[in-house]
Amino acid sequence: MNDSSLPTPSLHVPQIDLSAQHRECEAALQAALVAVVRESAFVHGRFVREFEEAFAAYCEAQFCVGVGNGTDALMLSLRAAGVGQGDAVVTTPFTFAATAEAIGHVGARPLFVDIDPQSYAMDPLALEALLQRCQPVKAILPVHLFGHPADMKQIRGLAAQAGATVIEDACQAHGARWQGQRVGALGALGCFSFYPTKNLGGLGDGGAVVTSDPELARHVRLLADHGQARKYEHSLIGWNSRLDGIQAAALTVKLAQLDEWNARRRHWATEYQRQLCDTSLQLPGESPNVLHVYHLYVVRTPRRDALAEFLCQRGIMTALHYPQPLHLQPAFAALGYCAGDFPVAEACARECLSLPLHPHLSEEQVQWVCESVREWDA
Ligand SMILES: *Cc1c(COP(=O)(O)O)cnc(C)c1O
C-alpha cells in the first residue's frame, strides 16, 4: 500500500466490547465471585437458586432452571416436552446452528420454514403452509432472532391447531417483549443462553429454561442433573448440564443492569435509524407491539461485502449473522434441502451485515459509523 491509498484516519469501533461492560460492574462482580469461593458454592447452592428466582421473576414466569448453556436449554426443553426419535420439529434455517443441532440431539428431524424479511423470525404464512403438508409436528421452535420477537400470536395459534408444543429460542432476546409480555414466557418453554456476548452474558458458558408449568420445570431439572431429584436417586438417564455458582453469581449482578443496557442498545439503534434511514440500506424494523432488544443491529444490502470492507478500513468491525443458512450446511445435508428452498433466508445470508452495537458504544463511535456508512453509500 502506498501513501496515497492509506485509509482515512479511523476511530476503532469494535463489534462488541465486553471489557467496557465489565468495568461498569467490576466491584460488584468481584464481591460476588469472592462470595462464591468463600462458600465453595460452585455447583448447586444459593447463588444458583437466587439467580433462578430473579431470572424467573424478570421473565414474568413461574420457574427458571439454570443449565450448562443455551444449546442444552433447547435440547433439554425438547426432551422435557416429549420430543424424541423421529419426531418433526419446525424451525427456521436462518439462525445460529445450535437451534437445529438441539433438535438433532434428541433424535428429531428439523423441518425448516422460511423467515419473514422484516423481522428475520419465522414467517407464520410459511409455517401455516408447512403444517398443511406435514403432520404430525411435535414442536415448533421459533427464534427471536437478533432480539426481535417472532409473531407469537400466529405461531401459538397454528401450534395449538397442530397439537404442537411451542418452545422459544430466546437466546438472543433477554428482556424483549411481545404485546407487553417478556419473551421466554410466551411458549410452553423458553430457552436462554448466557454466552458472554449475549444481552445477558456470564463469564463463560451458561443457559436457562424458563416455564410456568411446574411439571415441565421439574422434568428439565431432572434431565439436567443426572435424572436425580434427590442425591443418588436416579429416576431417568439424564445429563450433567447445570448452571454453576460462579456464573449464577455473576449473572445476578448483571441482571440488575440488563434493562439499562437494553435501553442503551435501543438508544443507539434509534440513532442508527435516524442517521441511516435515507441511505440505500434496509434497516431493521420493529413490528407493532414489540420491544426489540437489538442483540445485533443487522442491515441489508446487495453490496454487503464491499460495505464490510470499506468499514473495516475505517476501523469499524462488522460481522456476518449468518453467512450460510442451516439447510445448506454440510451438517444438515442429510435433511435433503437444496439451494432455492428458502429464498428469504438465502438472500439474508448473502446481504446481511451486523454493524457494531452494544451498550457501551460512545456517541463519537456511533457518529463515525454513520458518517462512514453514508460516505460509502453516496
Ligand atoms: C447463542 C445461541 C444459541 C446457543 O447458546 P449457547 O449458550 O452458545 O449454547 C442458540 N440459539 C441462538 C439463536 C443463539 O444465538
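All values reported here derive from a predicted model rather than from experimental measurement.

Student: Run through the site of the ligand, naming residues and quoting values.
Tutor: The immediate surroundings of the ligand are formed by 15 residues, with G70, T71, D169, S193 and K198 found nearest. Between the ligand and T71 there is a distance of 2.5 Å, counted from an oxygen atom to a side-chain nitrogen or oxygen. Residue assignment for the shell around the ligand shows that the elements contributing at least two residues are α4 (70–80) and α5 (98–105). A class-by-class count of the residues in the shell around the ligand yields 5 nonpolar, 8 polar and 2 charged.

Student: With reference to specific residues and values, describe the side chain of S372.
Tutor: Relative to the assigned elements, S372 resides in helix α12 (residues 363–377). Since its relative accessible area comes to 0%, S372 is described here as buried. At a separation of 2.7 Å, a polar atom in the side chain of S372 contacts the main-chain carbonyl oxygen of W368. Residues contacting S372, with those up to four places away along its chain left out, are F310, L311, R314 and I316.

Student: Before we move on, could you go through unusual backbone geometry and cite the residues and values that matter?
Tutor: With an omega dihedral of -5 degrees, the bond running from Q135 to P136 counts as a cis peptide bond. Mapped onto the elements of the fold, P136 is located in the loop between α6 (124–133) and β4 (139–140). The omega angle of the peptide bond from H321 to Y322 is 5 degrees, so this bond is cis rather than trans. Positionally, Y322 belongs in the loop between α10 (304–313) and α11 (343–351). One non-glycine residue, S40, lies in the positive phi region at around 50 degrees.

Student: With reference to specific residues and values, describe the pattern of salt bridges.
Tutor: Across all of its chains, the model carries 17 salt bridges by this definition. A salt bridge links E260 to R264; its shortest N-O distance comes to 2.8 Å. On the criterion of helical spacing, the pair formed by E260 and R264 is a turn pair, its members being 4 residues apart in helix α9 (residues 245–276). E375 serves as the salt-bridge partner of R314, at 2.6 Å between the closest nitrogen and oxygen. You can see R314 sitting in the loop between α10 and α11 and its partner E375 sitting in helix α12, a full 61 residues away along the chain.

Student: Pulling in residues and values, what's your account of the sheet that holds strand β12 (residues 290–291)?
Tutor: Read across the open sheet, the 3 strands follow the order β7-β6-β12; overall the sheet is antiparallel. Every other strand in the sheet has two partners, leaving β7 (181–182) and β12 as the edge strands with one partner each. Summarising the sheet, strand β6 (residues 177–178) and β7 pair through 2 bridges and their orientation is antiparallel. Along β7, the bridge assignment pairs R177 with R182.

Student: Just give me the short version of the packing of aromatic side chains, but keep the residues and values in it.
Tutor: Summed over all chains, the structure comprises 16 aromatic pairs. With a centroid separation of 5.4 Å and an interplanar angle of 85 degrees, the aromatic rings of F51 and F194 are classed as edge-to-face. Remark: F194 occurs in the loop between β8 (189–193) and β9 (207–211) and F51 occurs in helix α3 (residues 46–58); sequence separation between them is 143 residues. Each member of the pair, F51 together with F194, is buried.

Student: I'd like to hear about the sheet that holds β9, residue by residue, with values.
Tutor: Spatially, the 7 strands line up as an open sheet ordered β1-β9-β8-β5-β4-β2-β3, and their pairing is mixed. Only two strands of the sheet have a single partner each, and these edge strands are β1 (63–67) and β3 (109–112). Relative to β8, strand β5 (residues 165–169) runs parallel, the two sharing 3 bridges. Each bridged residue has a counterpart across the sheet, and for D169 the counterpart in β8 is C191.

Student: So, the packing of helix α2 (residues 26–39) against α9: which residues are in play, and what are the values?
Tutor: Packed helices, taken two at a time, are described by their axes: the angle between them and the distance between them. α9 packs onto α2 with a crossing angle of 150 degrees between their chain directions and a minimal axis gap of 9 Å. Relative to α9, the element α2 is oriented roughly antiparallel. When the axes of α2 and α9 are compared, the crossing they make is right-handed. Residue-level inspection shows A28, L29, A32, L33 and V36 of α2 in contact with α9, the latter providing G245, I246, A249, A250 and V253. Partitioning the contact of α2 with α9 into residue classes produces 9 nonpolar, 1 polar and no charged.

Parameters and conventions
- All chains use their own residue numbering, which begins from 1 and follows the written sequence.
- Per-residue local features are limited, in this predicted model, to residues with pLDDT of at least 70; the limit for side-chain atom pairs, both in listing and counting, is 80 or more; totals at the level of whole chains, interfaces and linings are taken over all residues.
- Side-chain metrics rest on all non-hydrogen atoms present in the structure, leaving aside hydrogens and water.
- In these notes, residues near a molecule or strand are those with any non-hydrogen atom within 4 Å of it.
- Under this definition, polar contacts are N or O atom pairs within 3.5 Å; protein pairs additionally need one hydrogen-donor-capable and one acceptor-capable atom, and for neighbouring residues in sequence, both atoms have to be side-chain atoms.
- Numbered from the N terminus, helices here are DSSP runs of H or I no shorter than four residues, and strands are runs of E no shorter than two.
- Nonpolar residues are Ala, Val, Leu, Ile, Met, Phe, Trp, Tyr, Cys and Pro. Charged residues are Asp, Glu, Lys and Arg, and all others, Gly as well, are polar.
- Relative accessible area decides the class of each residue, using a 1.4 Å probe on protein chains only: under 20% of the type maximum gives buried, over 50% gives exposed, and in between gives partly exposed.
- Contact criterion: two residues are considered in contact whenever any of their non-hydrogen atoms come within 4.5 Å of each other.
- Definition used for salt bridges: Asp or Glu carboxyl oxygen within 4 Å of a side-chain nitrogen of Lys or Arg.
- Any two strands are treated as partners once DSSP identifies two or more bridges connecting them.
- Working definition: rings of Phe, Tyr and Trp (its six-membered ring) pair if their centres are within 6.5 Å, and the pair is stacked with planes under 30 degrees apart, edge-to-face with planes over 60 apart, and tilted otherwise.
- Orientation is described by axes fitted as lines to C-alpha atoms, over the contacting stretch for helices, and by angles from 0 to 180 degrees between their N-to-C directions.
- For classification purposes, an angle smaller than 35 degrees is called roughly parallel, one larger than 145 roughly antiparallel, one from 65 to 115 roughly perpendicular, and anything else oblique.
- Here a crossing is taken to be left-handed if its near helix is turned anticlockwise relative to the far helix by less than a right angle, and right-handed if that turn runs clockwise.

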